[in-house]
Amino acid sequence: MQNHRLDASQFNWVLLRSFLAIYRAGSTAAAARELGMQQPTLSRQLAELESQLAVTLFERTPRGLHPTAAAAQIYAHAKDLETAANRLCLSLQDLGAELTGTVRIYASQLIAITLMPALLATLLREQPGLQLELVATDELPDLLSRDADIGFWLVEPTQTDTVCRKLGTVRIQAMASRSYLDHFGMPSSVDDLAAHRLIGHDQLPVMLQWFRQFGLLQEKSAFALRTDDKASYLTALRAGAGIGFASHYVLAQETELVQVLPDLPLPEFGVWLSCHRDIANNKLIRTVYDRLSREISQLLQS
């Protein structure tokens, strides 16, 4: 590399996108599938990049492409260029923005199931040119990589270059359906829970950790029904499968559910709404952001 003088004015920057895909995928075939390209086209682009840089970027092995030391060095710079391109695309969205277009929203499963439907229906009625993509997941979004335009966070966001607003506090509460309580009775103390069917989580340890922290249910086997899917959890509560534990706002949305043991020392956590700083003033996204912020804040206070 040291004896080769690269003319930046003649360099084809588009080739770096293909290089990044190949580097990450480990083969031209896998990278072609990711980019929606033909493998021979991607192979030609790789050969062209190696020619322009006068280096070998990958060793061809039976197990795929193995990056050379030169490739690792170039990858670091190419990632910086990719990040800069993403930031540019985000900022350019605001040019000539109208109240038409698509906004992608990440929300936790329970928020998506209980709080979002009516709110999003109102937004769509008020903004006929608006299209919404709702991703219901408890995974945290990567706002810079455009996993989402707007994301709800159940922990305080730590991503750089984001604008975030704390919407309120969620309180975990014990609850059961009226039909279940009519049949099995209302528990009057923590000790009474041992005589009841309880609904808990399966593979997600966070709730069990919380219970242990507060000196309550100590083992997963204490729960007669376990599921990590929030829709299934909520449906089981409605059906009278047992006493469950969910965010306090569920009670306001589900008239057939009743709070149980209100003095239980259950955890609380914050809810934040966040978007990337570069699109914070995009007219369309800001409209949705402000509306979600205002409405969800009010619902969390109920």
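Residues numbered from 1 in each chain as written. Predicted model: local features only at pLDDT ≥ 70, side-chain atom pairs only at ≥ 80, totals over all residues. Heavy atoms only, no water.

Participant: Before we move on, can you summarise the overall build of the protein with the specific residues and values?
Facilitator: The helix and strand tally for the protein stands at 11 helices and 11 strands. Counting the 302 residues in the protein, one finds 43% classified as buried. For the protein, contacts bridging at least 24 residues in sequence account for 75% of all contacts bridging at least 6. Looking at the protein as shown, the accessible area adds up to about 16,000 Å², and 49% of this sits on carbon and sulfur atoms. (Helix = DSSP H or I, 4+ residues; strand = E, 2+ residues; numbered from the N terminus. Buried < 20%, exposed > 50% of the residue type's maximum accessible area, 1.4 Å probe, protein only. Contact = heavy atoms within 4.5 Å. Areas by Shrake-Rupley, 256 points an atom, 1.4 Å probe, with all protein chains shown as cover.)

Participant: Requested: an account of the pairing of strand E2 (residues 64–67), with residues and values cited.
Facilitator: Across four bridges, strand E1 (residues 58–61) lies against E2 in antiparallel orientation. When the sheet's bridge partners are listed, Glu 59 is paired in E2 with His 66. In textbook terms, the turn of a hairpin is the stretch between consecutive antiparallel strands, and for E1 and E2 this stretch comprises two residues. (Pairing = 2+ DSSP bridges.)

Participant: Now, about the packing of helix H6 (residues 116–126) against helix H11 (residues 283–300): what can you tell me, with residues and values included?
Facilitator: Where H6 contacts H11, the two axes come as close as 11 Å, and the packing angle between them is 140°. The orientation of H6 relative to H11 falls into the category oblique. In the crossing of H6 with H11, the sense of the turn from one axis to the other is right-handed. Counting all contacts with H6, which are made through Met 116, Leu 119, Leu 120, Thr 122, Leu 123 and Glu 126, the residues of H11 involved are Val 288, Arg 291, Leu 292, Glu 295 and Ile 296. Of the residues that constitute the contact of H6 with H11, the class distribution is seven nonpolar, one polar and three charged. (Axes fitted to C-alpha atoms, helices over the stretch in contact; angles between N-to-C directions. Parallel < 35°, antiparallel > 145°, perpendicular 65-115°, else oblique. Left-handed = near helix turned anticlockwise from the far one by under 90°. Nonpolar A, V, L, I, M, F, W, Y, C, P; charged D, E, K, R; others polar.)

Participant: Explain the packing of aromatic side chains to me, and be specific about the residues and the numbers.
Facilitator: Going through the model one piece at a time under the given rule, you end up with six aromatic pairs. Between Phe 223 and Phe 245 the ring centres are 6.5 Å apart and the planes differ by 85°, which places this aromatic pair in the edge-to-face class. In this pair, Phe 223 sits in the loop between helix H8 (206–213) and strand E8 (225–226) while Phe 245 sits in strand E9 (residues 244–247), placing the two residues 22 residues apart along the sequence. The structure contains a cluster of three or more aromatic residues connected by ring pairs, namely Phe 19, Tyr 23, Phe 58 and Tyr 75. (Phe/Tyr/Trp six-rings, centres within 6.5 Å; stacked < 30°, edge-to-face > 60°.)

Participant: Can you break down the nonpolar core residue by residue, with the values?
Facilitator: Counting 54 residues, the largest nonpolar core has Ile 150, Phe 152, Phe 245 and Leu 292 as the members making the most contacts within it. Top contributing element to this core by residue count: H11, with seven residues. Excluding its chain neighbours within four sequence positions, the residues that come into contact with Phe 152 are Ile 105, Tyr 106, Ala 107, Ile 111, Met 116, Leu 167, Val 271, Trp 272, Leu 273, Leu 292 and Ile 296. Judged by nonpolar contacts, the second largest core, of 23 residues, contains Leu 15, Leu 20, Ala 70 and Ile 74. (Core = buried A, V, L, I, M, F, W, Y, C linked by side-chain atoms within 4.5 Å.)

Participant: Can you tell me about the pattern of salt bridges, naming the residues and giving the values?
Facilitator: Evaluated as defined, the whole model comprises eight salt bridges. Taking the shortest distance from any N to any O, the salt bridge between Arg 238 and Glu 254 comes out at 2.8 Å. Within this pair, whereas Arg 238 is found in helix H9 (residues 230–238), its partner Glu 254 is found in the loop between helix H10 (249–253) and strand E10 (257–260), the two being separated by 16 residues in sequence. What makes Arg 238 partly exposed here is its relative accessible area of 39%. Residue Glu 254 is classed as buried on the basis of its relative accessible area of 13%. What you see here is one network of salt bridges that share partners, running through Glu 126, Arg 291 and Glu 295. (Salt bridge = Lys/Arg side-chain N within 4 Å of Asp/Glu carboxyl O.)

Participant: Quick one: what's the story with the environment of Val 271, residue by residue and with numbers?
Facilitator: Inspection of the secondary structure assignment puts Val 271 in strand E11 (residues 268–276). Residues Val 271 and Pro 157 lie 114 residues apart in sequence; the distance between their C-alpha atoms is 9.8 Å. Once you skip the residues sitting within four places of it in the chain, Val 271 turns out to touch Ile 111, Phe 152, Trp 153, Leu 154, Arg 165, Lys 166, Leu 167, Gly 168, Val 170 and Leu 300.

Participant: Talk me through unusual backbone geometry; I want residue IDs and the actual numbers.
Facilitator: One non-glycine residue, Ala 54, adopts positive backbone phi at about 60°. With respect to the element layout, Ala 54 can be found in the loop between helix H3 (39–53) and E1. Look at Ala 54 and you get partly exposed, because its relative accessible area is 42%.

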